[in-house]
Amino acid sequence: MSEQFEPEIVAFCCHYCAYGAADLAGSMRLNYPANVKIIKLPCTGKVDIIYLLKAFEDGADGVFVVGCLEGNCHFTDGNIKAKRRVARAKKLLDEIGLGGERLDMFNMSASMGPKFAEVAREMTERIKGLCPNPLREKMKNEGGGR
Amino acid sequence: MIVAEQKPIQEIKAMIADHQKVLVVGCATCVTVCMAGGEKEVGIIASCLRMALRIDGKEPQMIEDCIQRQCEWEFVDTLKDKVDGVDAVLSSACGVGVQALAERFPNKPVYPALNTSFMGMPKEHGLWVENCRGCGNCGLGRFGGICPIARCSKGLLNGPCGGSQNGKCEVSKEMDCGWQLIYERLKRLDQLEKLEEILPPKDWSTDRDKGQRRMYRGDVYYEQTV
């Protein structure tokens with residue numbers, strides 16, 4: 001079962017680093033799993049807890065946030081704020097029963113294309129080791145979303 | 001302001017699990033400022049509950065709203081149509097707001113999403129501290145503007161106890177000794193002589209000891225004649 005499970009993963013990426021890194025990974029012809037769907041943000045400081053929760057509510061099996069290296073945020077501390085919000089969202093996911101391990105945050109610069117590919121692979125493998133998001137399964141059975 | 005914090009999701013879920021359609025109502029006053037029950041938190045609570053209940057095989061409907069103040073009828077009354085259309089109400093206001101909804105909508109179950117903690121202020125962003133116990137007989141003028149009832153762990157009125165160490169309370173190393181603060185403040189104001197007066201035991205009759213407190217002001221109170 002788990003071998004056939006192809007997770008849907010959402011990556012919230014900062015315009016100044018991770019989005020560039022993902023682009024670079026593509027330019028370098030680096031393979032990373034197609035499971036990862038990227039959402040570009042002006043800064044990870046834009047990440048709100050509700051964005052992360054809604055992604056799961058709408059069926060994402062995993063979510064990760066990628067911001068600039070700590071100390072290098074274009075807006076001073078957006079990535080630090082995101083880190084704290086991700087930590088709170090992880091606790092909420094544990095409380096809900098989905099599991100906080102489905103969510104994580106990473107930091108990288110725009111020149112770290114291979115790192116982005118590595119993170120995408122790591123998250124995909126991690127989520128494949130879990131069961132699919134039970135909410136997505138329910139949506140499938142009911143033939144609709146929320 | 002009133003400071004509150006969100007209850008654990010599982011506790012809220014257990015309260016509303018038997019209801020299919022729930023109105024989640026926030027309050028845009030104190031609990032918005034302490035980031036516990038405003039519009040944004042209502043969205044988070046509702047989303048968490050939807051997911052938690054769906055995992056359990058239920059199909060909940062959560063309607064989200066936030067009114068300016070849950071402790072005043074004029075705002076509470078604006079919810080009437082929405083309340084009529086749901087099975088239960090989950091209030092993310094302080095206990096006053098929850099009770100106002102329960103009183104206004106007597107046929108509808110109303111549940112609290114928050115634990116109301118204390119009257120206080122945001123000392124720093126994300127850090128709230130209790131500064132007033134609402135004892136009903138304010139003595140701040142005598143204590144340099146620092147309340148020994150709220151800020152001394154023992155509520156002492158005539159100076160610190162032996163647990164005051166290097167300006168900190170023995171209850172916690174992070175807690176200032178309220179009496180150390182009072183002493184320093186009065187010293188700065190050159191009013192240390194205020195401490196020479198020995199205060200008798202406090203009259204707690206203005207506190208909660210006589211049950212629910214009521215306040216009446218004749219100049220603004222219009223008795224209901226109808």
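Residues numbered from 1 in each chain as written. Chains lettered and ligands numbered in written order. Predicted model: local features only at pLDDT ≥ 70, side-chain atom pairs only at ≥ 80, totals over all residues. Heavy atoms only, no water.

**Regarding the side chain of asparagine 35 of chain A**
Residue and element names in this part refer to chain A. For clarity, the cut-off: Each helix is a run of H or I in the DSSP string that is no shorter than four residues. Each strand is a run of E no shorter than two, and both are numbered from the N terminus. In protein, a polar contact means a hydrogen-donor-capable atom and an acceptor-capable atom, both N or O and within 3.5 Å, with residues adjacent in sequence counting only if both atoms are side-chain atoms; elsewhere, any N or O pair within 3.5 Å suffices. Whether two residues touch is decided by their heavy atoms; if any such pair falls within 4.5 Å, the residues are in contact.
Positionally, asparagine 35 belongs in the loop between helix H1 (18-27) and strand E2 (36-41). Of the polar contacts made by the side chain of asparagine 35, one reaches the side chain of glutamate 6; its length is 2.8 Å. A polar contact of 2.9 Å, which involves the side chain of asparagine 35, links it to the backbone oxygen of proline 7. Those residues within four positions of asparagine 35 in sequence are excluded, and the remaining contacts are Glu6, Pro7, Glu8, Ile9 and Thr124.

**Things to note about the layout of surface pockets**
Inclusion rule: Definitions used for this entry: grid spacing 1 Å over protein atoms alone; cavity, a set of points where a 1.4 Å probe fits but cannot get out; pocket, an open set with protein on both sides within 12 Å along at least 5 of 7 lines; lining residue, one with an atom within 4 Å of a point. Grid points are joined across faces, edges and corners, and a volume is the space filled by probe spheres set on the points. Lys, Arg, Asp and Glu make up the charged group, whereas Ala, Val, Leu, Ile, Met, Phe, Trp, Tyr, Cys and Pro make up the nonpolar group; the residues left over, Gly among them, are polar. Note: domain ranges come from an automatic or database domain assignment.
Its volume calculated, the largest pocket comes out at about 1400 Å³. Taken together, 28 residues form the lining of the largest pocket, with Val96, Gln99, Gln212, Arg213 and Arg214 of chain B sitting closest to its centre. Considering each element in turn, the lining of the largest pocket owes the most residues, five residues, to helix H6 (residues 95-104) of chain B. When grouped by side-chain class, the residues that make up the lining of the largest pocket number twelve nonpolar, seven polar and nine charged. Residue assignment places the lining of the largest pocket across two domains, with domain 1 (2-118) and domain 2 (133-209) of chain B each supplying three or more. Counted as a void, the second largest pocket has a volume near 890 Å³. Lining the second largest pocket are 25 residues, and of these Arg88 of chain A together with Met35, His125, Gly126 and Trp128 of chain B sit closest to its centre.

**A short note on the sheet that holds strand E3 (residues 61-67) of chain B**
All names here are of chain B. Basically, it comes down to this: Paired strands are those between which DSSP finds at least two bridges. Axis definition: a line fitted to C-alpha atoms, over the contacting stretch in the case of helices. Angles run 0 to 180 degrees between N-to-C directions.
Taken in spatial order, the four strands line up as E3-E2-E4-E5 in an open sheet, and their pairing is parallel. Two strands lie at the open edges of the sheet, namely E3 and strand E5 (110-112), each paired on one side alone. In this sheet, adjacent strand axes meet at a mean angle of 25 degrees when their direction is disregarded. Its contacts with the sheet place helix H1 (residues 9-16) against strand E2 (21-27), E3, strand E4 (88-92) and E5, and it is angled at close to 170 degrees to E5. This element, H6, spans E4 and E5 of the sheet and lies at about 175 degrees to E5.

**Details of the sheet that holds E2 of chain A**
Sheet strands line up and pair through hydrogen bonds in the backbone, either parallel or antiparallel. Residue and element names in this part refer to chain A. Pairing is parallel in the open sheet, where four strands are placed in the order E2-E1-E3-E4. Both outer strands of the open sheet, E2 and strand E4 (103-107), are each paired with one neighbouring strand and no more. Strand-to-strand twist of the sheet, defined as the mean angle between neighbouring strand axes without regard to direction, takes the value 20 degrees. Sheet topology places strand E3 (residues 62-67) next to E4; five bridges connect them, and they run parallel.

**Some remarks on the pairing of strand E7 (residues 127-132) of chain B**
All names here are of chain B. Taken together, the five bridges between strand E6 (residues 114-124) and E7 define a ladder with antiparallel strand orientation. Each residue of the ladder has a partner; that of methionine 119, found in E7, is cysteine 132. Remark: two residues form the turn of the hairpin made by E6 and E7, two consecutive strands paired antiparallel; glycine 126 in that turn has positive phi of roughly 90 degrees.

**Here we look at the interface of chain B and chain A**
The test is simple: When two components associate, each loses some accessible surface as probed by a 1.4 Å sphere; the sum of these losses over both components is called the buried area. A carboxyl oxygen of Asp or Glu within 4 Å of a side-chain nitrogen of Lys or Arg is what we treat as a salt bridge.
Facing 17 residues of chain B, the contacting portion of chain A comprises 19 residues. Together chain B and chain A conceal approximately 1600 Å² of surface at their shared face, both sides included; 58% is due to carbon and sulfur atoms. The three residues of chain B that bury the most area against chain A are Met51, Arg54 and Ile55 of chain B, which together make up 41% of that side's buried surface. Our enumeration of links across chain B and chain A arrives at three salt bridges. One salt bridge connects glutamate 41 of chain B with arginine 88 of chain A, and the closest N-O pair in it is separated by 3.2 Å. Here chain B and chain A share seven residue pairs in polar contact (both at pLDDT 80 or more) between them.

**Section: H1 of chain A**
Residue and element names in this part refer to chain A. Rules: Relative accessibility under 20% of the residue-type maximum defines a buried residue, over 50% an exposed one, and the middle range a partly exposed one, all with a 1.4 Å probe and only protein chains included. Picture the helix axis, draw a direction to every C-beta atom, and the arc is the one those directions span.
Every buried residue belonging to H1 is among Ala18, Ala21, Ala22 and Ala25, and all of these are buried. Down the axis, H1 shows its buried residues gathered within 100 degrees of arc, on one side only. Within H1, the exposed residues directed more than 90 degrees away from the buried face are Asp23 and Ser27. Buried residues along H1 sit in contact with strand E1 (9-14), E2, E3 and helix H4 (113-128).

**Structural notes on the pairing of strand E9 (residues 172-176) of chain B**
Residues and elements named next belong to chain B. Pairing between strand E8 (residues 168-169) and E9: two bridges, direction antiparallel. Residue pairing in the sheet places cysteine 169 in a bridge with serine 172 of E9. Counted along the chain from E8 to the antiparallel partner E9, the turn is two residues long.

**Let's talk about the UniProt feature "domain: Methylene-tetrahydrofolate reductase C-terminal-like" (unreviewed entry) in chain B**
Test applied: UniProt positions are given in the numbering used here, feature names are shortened, and annotations may be inferred rather than shown by experiment.
On the UniProt side, "domain: Methylene-tetrahydrofolate reductase C-terminal-like" (unreviewed entry) is annotated at positions that read residues 111-205 of chain B here. Here residues 111-205 of chain B runs as 16% helix and 27% strand, with 31 Å between its end C-alpha atoms.

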